[in-house]
Amino acid sequence: MKDNKKSVIASKSRRKFLKNAGAAVAAASFGAVPMRGWAADPVNIGALYPTTGSMAQIGVGCVAAAKMAVEMINEAGGIKSLGGAKLNLVISDVQSDTTVTRTETDRLITSNKLSAIHGCFASALTLIASEVCERAKVPIITGSSSDQLNKGRTYTFTPFARASQFAKAQLQMSKLVSDQPKVAVIFENTAFGTSTSNGLKELAPGEGVEIVMFEPYSAGFTDASPLINKVKASGANALFSVSYLNDLILIVRTVKQVGLNIAINGGSGGFVIPDFYKNVGKLAEGLQGVAHWNHDMDDNAQKVNVEYKKRTGDFLFEYAGGLVAQTYMIADALERAGSADPQKVRDALSALDVSSGFAAMAPGGKVKFGPDGKNVYGRPVGVQWQNADLASIFPKEDARAPMLKT
Amino acid sequence: MLETVAQAVINGLLIGGIYALVSIGVTLIFGVVKIVNFAQGEFVMIGMYITFFLFSTFGIDPLLALFVSMPVLFVLGALIQHFLIRRVLGPNDMPQIFLTFALSLLLLNLSLLLFSANYRTVHTSYSDEAFHFGGLYVPEAKLIAFVVAMALSAALWVFLHATDLGKAMRAASQKPDVAILMGINPNRVFAVAFGAALALAGAAGSLLMPFYSAYPFVGQVFVLMAFVAVVLGTLGNVIGALVASLMMGVAESLGIQFVGADSGLIVVFAMLLLTLAFKPNGLGGGRVR
């Protein structure tokens with residue numbers, strides 16, 4: 001028994017030796033980095049995502065995209081001003097939980113020398129991570145949309161559209177469907193549902209959109225029929241549903257069963273991920289939503305989409321796509337800072353001004369941060385499910401496909 | 001207006017049929033074995049996952065999956081009764097409550113581990129279709145679920161009243177001591193009752209799958225309604241649970257229609273409170289059948 005154990009250890013270390021030797025040989029023969037005495041130290045980038053728990057599905061996709069982006073940058077020669085330093089992704093699972101997010105962000109910062117962090121997909125988690133980063137003076141860049149992230153923060157950067165802009169875009173999109181949009185807003189009676197729908201209600205008069213029904217429902221219902229019955233009676237010609245995946249699936253199916261001819265806008269989040277189509281199937285065709293990123297925006301976005309598809313089998317969804325751009329923004333800042341020091345990276349990020357390349361992959365194609373960390377050019381893009389894929393249809397300058405009439 | 005009310009009643013009856021399958025299971029276990037099964041919802045969840053995997057792996061229609069989910073859950077139920085419940089039966093209720101509650105937590109977390117929190121949906125040719133009559137509509141998948149649920153309830157009633165085993169079950173529930181003297185083996189009867197109750201939960205799972213998503217917490221949604229129906233229809237009363245479930249479905253639907261979409265449950269609970277105030281033993285009038 002003892003001998004057995006010994007031999008396992010021996011063979012393991014032999015394997016390790018071979019692996020190391022192989023790597024050394026490979027490095028020597030290809031030698032992408034010019035050897036100047038010592039190879040440059042890698043630059044650590046923290047990645048905070050929920051890869052377990054209720055948000056795991058999206059979190060796992062984010063991690064795949066983050067890894068892909070880092071590989072792309074490293075293969076292209078790393079950070080040149082740092083002697084070709086490679087990016088090293090330090091991934092941490094925040095478990096879809098606010099308490100865990102706080103401790104994990106703390107742990108990540110104290111146990112690694114980080115130059116920057118990106119995360120966490122869900123606004124509720126990002127708000128916490130951002131607080132920790134502000135205190136530790138490490139810059140964090142995020143695709144989360146909460147407007148709260150731009151208040152009283154100096155190390156937090158949000159390159160994409162804000163929640164308030166999403167609501168506005170959604171209202172404007174209802175005019176694509178009808179000259180006199182009559183909108184029914186149904187929302188789950190949670191913090192997320194209430195705040196999002198109130199945003200819609202406040203902005204509607206200014207956009208000339210009439211809201212004919214404004215109704216909270218109990219999240220996780222067993223049957224959407226009574227609710228849709230009510231929508232039908234309201235005479236609405238457009239339906240905004242502020243819901244998580246399961247309720248939305250029931251709503252979409254019930255609208256079909258009722259035979260109700262109404263344009264559905266499902267907003268963002270769970271609505272613009274490949275899984276939505278997998279669950280709803282053909283019924284998703286023609287449904288509209290809003291996103292802060294879409295893979296058909298420009299050539300670069302399409303390029304990373306192809307690569308991501310090759311790796312995961314799914315198209316590159318909103319949040320993960322934006323994450324690739326964010327990684328390039330960090331790389332751009334590192335390049336200009338010429339230092340891995342988080343304070344210098346923060347200063348370089350705040351001076352970021354790009355309009356080409358992977359870092360500029362955003363609706364509008366330009367990124368420049370204002371004093372509140374908001375991208376001054378940031379805007380959302382209206383999308384529509386077409387042939388099992390998401391096509392950009394709004395606004396006109398961002399449209400990449402004609403709107404499908406439903 | 002009339003059309004809106006009629007549609008609300010149809011919607012309520014259809015979902016009430018599903019509530020009935022879950023609540024009849026709870027009430028059967030309570031009536032015969034005299035315990036409250038807090039894990040009943042989790043067995044609906046297991047029935048849904050069985051149906052989902054049969055569909056996604058072998059392409060078996062959810063309605064045919066009924067013939068797998070029901071026997072599997074029947075055997076599971078008999079085993080649980082024999083190896084777990086039997087040991088805690090006695091004058092003290094607490095161990096039974098803890099046991100079924102622990103079972104619920106165990107199954108919940110086990111399914112989270114095995115299946116993850118993702119939603120799983122099944123698409124059949126009848127999933128999104130509906131029959132239309134004038135301005136009214138009846139979704140096909142729900143109509144099928146309702147008809148099968150009613151047929152299974154009727155079959156259970158016939159079993160309890162027309163077969164020796166069914167009669168033995170009722171006897172063991174009414175007077176266990178006398179039943180033993182008459183040569184009835186209560187353990188065997190209890191195992192069959194527990195198995196039958198879980199088979200109904202499995203049936204509910206299979207019937208739900210064409211129009212509802214499976215996820216680890218799905219049972220909790222239905223078990224709450226089931227408990228209300230069981231109390232409303234008198235504990236242990238199968239017909240009472242059936243009628244109460246249908247009433248609750250309709251009350252919920254009318255509540256959403258005319259009070260507010262987040263008030264469906266308020267109407268249901270108001271109905272429960274009023275009933276208990278005037279008929280403390282529930283609508284069954286205290287007669288346990």
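Residues numbered from 1 in each chain as written. Chains lettered and ligands numbered in written order. Predicted model: local features only at pLDDT ≥ 70, side-chain atom pairs only at ≥ 80, totals over all residues.

**Comments concerning the overall build of chain A**
Helix and strand counts for chain A stand at 12 helices and 14 strands. Each of the three principal axes of chain A carries a C-alpha extent, and together these read 75 × 55 × 40 Å. Looking at chain A residue by residue over its 406 residues, the buried ones come to 51%. The contacts in chain A between residues at least 6 apart in sequence include a share of 65% that link residues at least 24 apart. (Helix = DSSP H or I, 4+ residues; strand = E, 2+ residues; numbered from the N terminus. Buried ≥ 20, exposed ≤ 12 C-beta atoms within 10 Å, placed from the backbone. Contact = placed C-beta atoms within 7 Å.)

**Notes on the packing of helix H3 (residues 62-88) of chain B against helix H8 (residues 186-208) of chain B**
Residue and element names in this part refer to chain B. Two elements in contact, H3 and H8, have axes whose closest approach is 6 Å; the angle formed by their N-to-C orientations is 145 degrees. Regarding H3 and H8, the two cross each other, and that crossing is right-handed. Among the residues making up the contact of H3 with H8, the classes are represented as 22 nonpolar, nine polar and one charged. (Axes fitted to C-alpha atoms, helices over the stretch in contact; angles between N-to-C directions. Left-handed = near helix turned anticlockwise from the far one by under 90°. Nonpolar A, V, L, I, M, F, W, Y, C, P; charged D, E, K, R; others polar.)

**Focus on the interface of chain B and chain A**
By a widely used convention, the size of an interface equals the accessible area lost when the partners come together. Contact residues are listed per partner, giving 30 residues for chain B and 30 residues for chain A. For the side of chain B that touches chain A, the secondary structure elements donating two or more residues are helix H1 (2-33), strand E1 (130-133), strand E2 (136-139), helix H9 (218-232), helix H10 (238-258) and helix H11 (264-278) of chain B. Of the residues forming the side of chain B that touches chain A, the biggest block, five residues, is contributed by H1(B).

**As for helix H6 (residues 164-174) of chain B**
All names here are of chain B. Turning to H6, its buried residues number three or more, namely Met169, Ala172 and Ser173. Down the axis of H6, the buried side of the element spans an arc of 100 degrees, and every buried residue falls inside it. In this fold, the buried residues of H6 make contact with H1, helix H5 (140-162), helix H7 (176-181) and H8. (Arc of directions from axis to C-beta.)

**Description of the nonpolar core**
Residue and element names in this part refer to chain B. If you look at the biggest cluster of nonpolar residues, it comprises 215 residues, and the most contacted ones within it are Ala193 and Phe194. With 16 residues, H8 is the largest single contributor of residues to this core. For phenylalanine 194, the residues in contact, after removing those within four places along its chain, are Ile29, Val33, Gly77, Ala78, Ile80, Gln81 and Ile85. (Core = buried A, V, L, I, M, F, W, Y, C linked by C-beta atoms within 7 Å.)

**A word on the domain arrangement of chain A**
Residue and element names in this part refer to chain A. With domains assigned, chain A is organised as domain 1 (43-161 + 296-375) and domain 2 (164-291 + 382-398). Distance between the C-alpha centres of domain 1 and domain 2: 29 Å. If you look at the interface, domain 1 gives 12 residues, while domain 2 gives 13 residues. For the side of domain 1 that touches domain 2, the per-class residue count stands at six nonpolar, two polar and four charged. (Domains from an automatic or database assignment.)

**Regarding the pairing of E1(B)**
Taken residue by residue, a regular strand's side chains alternate between the two faces of the sheet. All names here are of chain B. Sheet analysis places E1 next to E2, joined by four bridges and oriented antiparallel. Bridge pairing links phenylalanine 131 to valine 138 in E2. Between the antiparallel neighbours E1 and E2 lie two residues, among them glycine 134 with a positive phi of about 55 degrees. (Pairing = 2+ DSSP bridges.)

**Some remarks on the sheet that holds strand E1 (residues 43-49) of chain A**
Residues and elements named next belong to chain A. Here five strands make up an open sheet; going across it, the order is E2-E1-E3-E4-E5 and the pairing parallel. The two strands at the open ends of the sheet, each matched to only one other strand, are strand E2 (87-93) and strand E5 (156-157). Taken together, the seven bridges between E1 and E2 define a ladder with parallel strand orientation. Across the sheet, asparagine 44 pairs through a bridge with asparagine 88, a residue of E2. The strands that helix H2 (residues 56-75) touches are E1 and E2; relative to E2, the one it contacts most, it runs at about 170 degrees.

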